[in-house]
Amino acid sequence: MDFINRLIHALIELHPLHPMLVHFPIALTGAAALFILLALWRKSEILEQVAFANIVLASLGTLAAGVTGYMDNANTYDGVAPNATTKIVLASVLLAITALTSFARWRDPNLFESRAKPIYVAAYLVSFMLALVLALLGGVILYGF
């Protein structure tokens, strides 16, 4: 029981949460982009559904990473982490794109087969590119540049 108490204390009190959560939006937007491209190539409804599931989870992961990033910036860097404002803006844009894409697809399950298909696919690709830029800026905070 002592080990579990120490582990919980280390995870919640000592270690910043943001570095543990940032990998989810990066991986999920990347997987979503991959599956939407595969869906285009194979003309597959199931691959598009997998891409949709990934973008929904990426939206939730972005929200969690953003909230913890804001908290860690305030607690660890006294609100002045390098590129913090840029990261907050880009993370907000990423959240908006993933959430709006998820909502649009939820409202119209045939969005992949509609005239809006190029915009729909572009949203996946832009989401992944934003996640990669955010990852680079996070690396600058940790390792410098």
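Cut-offs used in this document
- Residues numbered from 1 in each chain as written.
- Predicted model: local features only at pLDDT ≥ 70, side-chain atom pairs only at ≥ 80, totals over all residues.
- Heavy atoms only, no water.
- Helix = DSSP H or I, 4+ residues; strand = E, 2+ residues; numbered from the N terminus.
- Buried < 20%, exposed > 50% of the residue type's maximum accessible area, 1.4 Å probe, protein only.
- Contact = heavy atoms within 4.5 Å.
- Areas by Shrake-Rupley, 256 points an atom, 1.4 Å probe, with all protein chains shown as cover.
- Lys, Arg positive; Asp, Glu negative; His and termini not counted.
- Charge placed at Lys NZ, Arg CZ, Asp CG, Glu CD.
- Axes fitted to C-alpha atoms, helices over the stretch in contact; angles between N-to-C directions.
- Parallel < 35°, antiparallel > 145°, perpendicular 65-115°, else oblique.
- Left-handed = near helix turned anticlockwise from the far one by under 90°.
- Nonpolar A, V, L, I, M, F, W, Y, C, P; charged D, E, K, R; others polar.
- Phe/Tyr/Trp six-rings, centres within 6.5 Å; stacked < 30°, edge-to-face > 60°.

Draft legend 1. Structural view of the overall build of the chain. The secondary structure content of the chain amounts to six helices and zero strands. When the helices and strands of the chain are listed from N to C terminus, the series reads α-α-α-α-α-α. Overall size of the chain, expressed as C-alpha extent along the three principal axes, is 50 × 40 × 25 Å. A total of 145 residues make up the chain; the buried ones form 34% of that total. Residue pairs at least 24 apart in sequence account for 76% of intrachain contacts in the chain once pairs closer than 6 positions are excluded. Accessible surface, the chain as shown: approximately 9,100 Å² in total, 72% of it carbon and sulfur. For the chain, the centre of its 8 positive side-chain charges and the centre of its 8 negative side-chain charges are spaced 14 Å apart.

Draft legend 2. Representation of the packing of helix H3 (residues 23-42) against helix H4 (residues 45-76) in the model. With their axes 8 Å apart at the nearest point, H3 and H4 run at an angle of 160° to one another. The pairing of H3 with H4 is recorded here as roughly antiparallel in orientation. Here H3 and H4 pass one another in a crossing that is left-handed. Packed against H3, whose contacting residues are Pro25, Leu28, Thr29, Ala31, Ala32, Phe35, Ile36, Leu38, Ala39 and Arg42, the element H4 presents Leu47, Glu48, Val50, Ala51, Asn54, Ile55, Leu57, Ala58, Gly61, Thr62 and Ala65 at the interface. The residue inventory of the contact of H3 with H4, partitioned by class, reads 15 nonpolar, four polar and two charged.

Draft legend 3. Structural detail: the environment of Ala65. As for its placement among the helices and strands, Ala65 is situated in helix H4. With relative accessibility at 7%, the residue Ala65 sits in the buried group. Considering only alpha carbons, one finds Ala65 and Met20, 45 residues apart in sequence, at a separation of 8.5 Å. Among all residues touching Ala65, those that are not within four sequence positions of it are His18, Leu21, Val22 and Pro25.

Draft legend 4. Spotlight on the side chain of Ser59. Relative to the helices and strands, Ser59 is located in helix H4. In this structure Ser59 touches Leu95, Thr98, Ala99 and Ser102, once residues within four positions along its chain are discounted.

Draft legend 5. Summary view of the packing of helix H5 (residues 84-107) against helix H6 (residues 117-143). Contact geometry for H5 and H6: axes closest at 9 Å, N-to-C directions at 155°. Judged by the angle between their axes, H5 and H6 are roughly antiparallel. Handedness of the crossing formed by H5 with H6: left-handed. Here Thr86, Lys87, Leu90, Ala91, Val93, Leu94, Ile97, Thr98, Thr101 and Arg105 of H5 lie close against H6, whose contacting residues are Tyr120, Ala123, Tyr124, Val126, Ser127, Leu130, Ala131, Val133, Leu134, Leu137, Gly138 and Ile141.

Draft legend 6. Representation of the environment of Val89. Following the sequence through the fold, Val89 ends up in helix H5. Under the relative-accessibility criterion, Val89 is labelled partly exposed at 48%. Through-space distance from the C-alpha of Val89 to that of Tyr70 is 11 Å; in sequence the pair is 19 residues apart.

Draft legend 7. Representation of the packing of aromatic side chains in the model. Throughout the structure, instances matching the rule amount to three aromatic pairs. Aromatic side chains Phe103 and Trp106 sit 5.7 Å apart centroid to centroid with 40° between the ring planes, which places their arrangement in the tilted category. Residue Phe103 and its partner Trp106 are both found in helix H5; the two are separated by three residues, about one turn of the helix. The class of Phe103 is partly exposed, set by a relative accessible area of 46%.

Everything listed here is a matter of geometry and, on its own, says nothing about what the molecule does.
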